[in-house]
Amino acid sequence: PDVTRNAAALVLARRFSETLAVNAALGYQWNSFDRFGPEPYWLDEFNLVTLDAYATLTPRDWTRIDLGVARGSIDNPEALFRGIVQTQASAGIDRYLRSNLIWISSLGRDWYSDGNSSWALGTGLQWQPLWGMPVKYNHRFTSSTGFAYFGFAETTDHGYYDPRQYYSFYEDLALAMTFSPRVRARVAGRVSIDNENGDEWFPTGRFELSASWSVWRGLGLTPGYTNSTSRLDSRPGYNIDGFYVTVGYLFL
């Protein structure tokens, strides 16, 4: 059945000093749907408090540390009907090796309200070449090469992807362009080779296109499109194919 979602959030983004900055979004989410099937886990509604917060530390030049915590639902119908909540603690370190070369690493621990849990880690190099295309618009290339892993304590078949072991080696290319002070665009693509539970390796990919337009003063509009066959790009671990439009207003 159709899922109806309404959500509200209070967002804080503040830099306290050159060393510490905090971003936090505390909200509430209402999910409702018609009961479907006789199983006891099919709910009529599923409401929860949501949180997405992280602190950014820059203890020294060319080094960044992120510490985060998040709580939310899994955006897949069966997991929603079961009322599963995901809570995550994460940490990441970015270290500039050169002015245009960054080493990136991350570690995450997830707990699920159905009793499952998982670990995730990733590491890679992000390179921004100094050369560009012979065009008049400001632009920047980014190349990211890396490795990612995640694994679950149990395989529950509760509506989200939860293998015991999953490995991915990837290459990500992106181009960001500034056409004017009010109009920007970004196109990105990724290819990877993945492995699930020690079986045969298989290819996956991702394509993303977005544009940002400053309509009037603090009002902005961002349309975009995403298509991904990777297990790494969504909380439930399934394919993504869709458009989105975001409207935002900066009050301060």
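Description of the structure in this document. All of these numbers come straight from a predicted model, not from anything done at the bench.

**What about the pattern of salt bridges?**
- Taken as a whole and judged by the stated rule, the model has 8 salt bridges.
- With its nearest N and O atoms 2.9 Å apart, the salt bridge here joins Arg64 to Asp66.
- Using a relative accessible area of 35% as the deciding quantity, one classes Arg64 as partly exposed.
- As a salt-bridge pair, Glu208 and Arg186 come within 3.9 Å of each other at their nearest N and O atoms. Residue Glu208 is found in strand E11 (residues 202-216), and its partner Arg186 is found in strand E10 (residues 183-196); the two are separated by 22 residues along the sequence.
- Residue classification places Glu208 among the buried positions, given a relative accessible area of 17%.
- Residues joined in a network through salt bridges with shared partners are Asp172, Arg186, Arg190, Arg206, Glu208 and Asp233.

**Things to note about unusual backbone geometry**
- Positive phi, close to 55°, is recorded for Asn197, a residue that is not glycine.
- Looking at the element boundaries, Asn197 is found in the loop between E10 and E11.
- In this structure, Arg217 is a non-glycine residue whose phi angle is positive, near 50°.
- With respect to the secondary-structure elements, Arg217 resides in the loop between E11 and strand E12 (219-228).
- For Arg217, a relative accessible area of 71% puts it in the exposed group.

**Re the pairing of E10**
- The sheet contact formed by strand E9 (residues 166-180) and E10 spans 14 bridges and is antiparallel. By the bridge assignment for E10, Leu173 is matched with Gly189.
- In textbook terms, the turn of a hairpin is the stretch between consecutive antiparallel strands, and for E9 and E10 this stretch comprises 2 residues.
- The pairing of E10 with E11 spans 12 bridges and is classified as antiparallel. Note that in E11 the partner of Ser192 across the bridge is Thr204.
- Counting the residues in the hairpin turn of E10 and E11 gives 5 residues, including Asn197, whose phi is positive at 55°.

**Some thoughts on the packing of aromatic side chains**
- Under the counting rule described, the total for this entry stands at 19 aromatic pairs.
- Note on Tyr225 and Phe243: the rings are 4.8 Å apart at their centroids and 40° apart in plane angle, and the pair reads as tilted. One end of the pair, Tyr225, is in strand E12; the other, Phe243, is in strand E13 (residues 240-249), and 18 residues separate them in sequence.
- The class of Tyr225 is partly exposed, set by a relative accessible area of 21%.
- Within the aromatic cluster, the residues linked to one another by ring pairs are Tyr112, Phe150, Phe152, Tyr160, Tyr161, Tyr166 and Phe202.
- The ring centre of Tyr161 lies 3.7 Å from the NZ or CZ of Arg231, which sits over that ring.

How each quantity is defined
- Residues numbered from 1 in each chain as written.
- Predicted model: local features only at pLDDT ≥ 70, side-chain atom pairs only at ≥ 80, totals over all residues.
- Heavy atoms only, no water.
- Salt bridge = Lys/Arg side-chain N within 4 Å of Asp/Glu carboxyl O.
- Buried < 20%, exposed > 50% of the residue type's maximum accessible area, 1.4 Å probe, protein only.
- Helix = DSSP H or I, 4+ residues; strand = E, 2+ residues; numbered from the N terminus.
- Pairing = 2+ DSSP bridges.
- Phe/Tyr/Trp six-rings, centres within 6.5 Å; stacked < 30°, edge-to-face > 60°.
- Lys NZ or Arg CZ within 6 Å of the ring centre and 35° of its normal.

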